[in-house]
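# Analysis of the macromolecular model
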Amino acid sequence: SAVISQKPSRDICQRGTSLTIQCQVDSQVTMMFWYRQQPGQSLTLIATANQGSEATYESGFVIDKFPISRPNLTFSTLTVSNMSPEDSSIYLCSVEATGSNTIYFGEGSWLTVV
Amino acid sequence: AQSVTQLGSHVSVSEGALVLLRCNYSSSVPPYLFWYVQYPNQGLQLLLKYTSAATLVKGINGFEAEFKKSETSFHLTKPSAHMSDAAEYFCAVSGSSYGQNFVFGPGTRLSVLP
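From a predicted model like this one, the values you see are computed outputs, not experimental measurements. Residue numbers restart at each chain and count upward from 1, following the sequence in its written direction. All chains are assigned letters beginning at A, and all ligands numbers beginning at 1, according to the order in which they are written. Local features are withheld for residues below a pLDDT of 70 in this predicted model, meaning they are given only at 70 or higher, and side-chain atom pairs are given and counted only at 80 or more; totals for whole chains, interfaces and linings count all residues. In computing side-chain properties, one takes all heavy atoms of the structure into account and sets aside hydrogens as well as water.

## Details of the nonpolar core
Here is the rule we go by: Side-chain atoms within 4.5 Å link the members of a nonpolar core, which is a set of buried Ala, Val, Leu, Ile, Met, Phe, Trp, Tyr and Cys residues. Partly exposed describes any residue whose relative accessible area lies between the buried limit of under 20% and the exposed limit of over 50%, with all areas from a 1.4 Å probe on protein chains only and scaled to the type maximum. Contacts were defined at the residue level, with two residues in contact if any of their heavy atoms lie within 4.5 Å.
Ranked by size, the top nonpolar core spans 47 residues in total, and within it Tyr35(A), Ile46(A), Phe105(A), Tyr36(B) and Phe104(B) carry the most contacts. Once residues lying within four places of it in the same chain are set aside, the contact partners of Phe105(A) are Ile4(A), Tyr35(A), Leu43(A), Leu92(A), Cys93(A), Ser94(A), Tyr36(B), Leu44(B) and Phe104(B).

Following this line, the structure appears as structure tokens:
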């Protein structure tokens with residue numbers, strides 16, 4: 001399995017501001033994914049981030065709102081832009097460990113927008 | 001396309017009793033199936049996975065799940081519940097080894113009563 005670290009683990013943010021979440025993996029992985037988990041809900045895939053290419057966004061998510069960087073095979077960032085209270089969620093980074101047919105998750109970043 | 005249903009958003013059992021969490025899936029291709037657990041204020045942890053080997057899959061913490069193709073089910077069981085099992089459990093299906101095809105169920109919250 002992969003060890004995935006996310007920062008920040010928690011934050012309280014002001015409406016209208018932006019926050020960047022970092023995801024660091026202890027091994028090189030091809031595919032990294034960003035999920036959102038709204039309060040009391042299941043997980044929704046925001047986008048897939050491959051190194052060296054633009055992120056692929058799922059329906060309902062756009063790059064202007066959730067810009068993603070993937071500068072190398074062990075790191076990615078997700079920015080939540082112009083936040084509103086509706087963006088209060090857990091944001092989870094996950095990776096597919098090469099050859100494992102499985103995705104693993106970080107501990108999540110718990111954002112509250114006030 | 002894949003989909004997952006989990007019967008019962010909330011299940012309560014007594015400590016020492018059998019745990020049964022239900023998962024049914026829909027997939028147009030042979031599925032990969034997973035159970036993840038989310039303890040309070042934590043990220044998701046892989047419990048177990050089915051990837052077309054043995055139909056009875058053993059996971060961590062005494063959990064196991066049985067893949068039944070005829071019933072399109074992948075129910076999670078544990079013979080004897082422990083207080084520490086209280087958590088949210090998510091069933092997930094993937095039609096391939098790529099994380100972008102993961103679909104998560106709505107989750108089942110397990111409460112363990114003393």
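Continuing now.
## A short note on the pattern of salt bridges
Put simply, the rule reads: Take a side-chain nitrogen of Lys or Arg and a carboxyl oxygen of Asp or Glu: if they are within 4 Å of each other, that pair is a salt bridge. For helices the rule is a DSSP run of H or I covering at least 4 residues; for strands it is a run of E covering at least 2, with both sets numbered from the N terminus onward.
Overall, the coordinates contain four salt bridges over all chains when judged by the stated rule. The residue Lys65(A) makes a salt bridge to Asp87(A) at a minimum N-O spacing of 2.6 Å. Taken together, the positions of Lys65(A) in the loop between strand 6 (56–57) and strand 7 (68–72) and Asp87(A) in the loop between strand 8 (75–80) and strand 9 (89–96) put the pair 22 residues apart, joining distant regions of the chain. Given the relative accessible area of 5%, Asp87(A) is considered buried. Among the salt bridges present, the one from Arg109(B) reaches Glu88(B), with a minimum N-O distance of 3.1 Å. One end of the pair, Arg109(B), is in strand 12 (residues 108–113); the other, Glu88(B), is in strand 10 (residues 87–94), with 21 residues separating them in the sequence.

## Observations regarding the environment of Ile103(A)
All names here are of chain A. Within the secondary structure layout, Ile-103 lies in strand 10 (residues 103–105). According to the relative accessible area criterion, Ile-103 is buried, its value standing at 0%. Once the C-alpha coordinates of Ile-103 and Met-32 are considered, the two residues, 71 residues apart in sequence, prove to be 9.0 Å apart.

## Structural notes on the state of the cysteines
Structurally, a disulfide amounts to a covalent bond that connects the sulfur atoms of two cysteines. Let me state the cut-off plainly: By convention in this document, the label disulfide applies to cysteine sulfur atom pairs within 2.5 Å.
Scanning the model with the defined rule gives two disulfides over all chains in all. Residue Cys23(A) pairs covalently with Cys93(A) via a disulfide, S to S 1.9 Å. Here the disulfide of Cys23(A) and Cys93(A) is left-handed, its torsion about the S-S bond being about -70°. Highlighted residues: Cys23(A) in strand 3 (residues 19–25) and Cys93(A) in strand 9, separated in sequence by 70 residues. Between the sulfur atoms of Cys23(B) and its disulfide partner Cys91(B) the distance amounts to 2.0 Å. The sign of the -65° torsion about the S-S bond sets the Cys23(B)-Cys91(B) disulfide as left-handed. A residue pair is termed long-range when its members are at least 10 positions apart, and Cys23(B) in the loop between strand 3 (19–21) and strand 4 (24–26) and Cys91(B) in strand 10 qualify at 68 residues. One exposure class covers both Cys23(B) and Cys91(B), and it is buried. Left without a disulfide partner, Cys13(A) is nearest to the cysteine sulfur of Cys23(A), which lies 18 Å away.

## Side note on the pairing of strand 5 (residues 32–38) of chain B
Residue and element names in this part refer to chain B. Keep this limit in mind: Pairing between strands is defined by DSSP: at least two bridges between the two strands are required.
Of all seven residues that make up strand 5, seven are buried, and the element is covered over most of its length. Where burial is concerned, the two faces of strand 5 agree: the one with Tyr-32, Phe-34, Tyr-36 and Gln-38 and the one with Leu-33, Trp-35 and Val-37 are both buried. Both strand 5 and strand 10 contribute to a ladder of seven bridges, which runs antiparallel. Note that in strand 10 the partner of Trp-35 across the bridge is Cys-91. Looking at chain direction, strand 5 and strand 6 (residues 44–50) are connected through six bridges and run antiparallel. Within the sheet, the bridge partner assigned to Phe-34 lies in strand 6 and is Lys-49. Taken together, strand 5 and the strand that follows it, strand 6, pair antiparallel across an intervening segment of five residues, in which Asn-41 is found at a positive phi of about 60°.

## Quick notes on the interface of chain A and chain B
Which entries qualify depends on this criterion: In the analysis that follows, any N or O atom pair within 3.5 Å is treated as a polar contact, provided that within protein one partner can donate a hydrogen and the other can accept it, and provided that, for residues neighboring in sequence, both atoms belong to side chains.
Every contact between the two is made by 22 residues of chain A and, on the other side, 20 residues of chain B. Linking chain A with chain B are zero salt bridges. Joining chain A to chain B, the criterion identifies six residue pairs in polar contact (both at pLDDT 80 or more). Those elements that provide at least two residues to the side of chain A that touches chain B are strand 4 (31–37), strand 5 (43–50), strand 9 and strand 10 of chain A. With four residues, strand 4 of chain A is the single largest residue contributor to the side of chain A that touches chain B.

Scope: geometric values only; no functional claims are made or implied.
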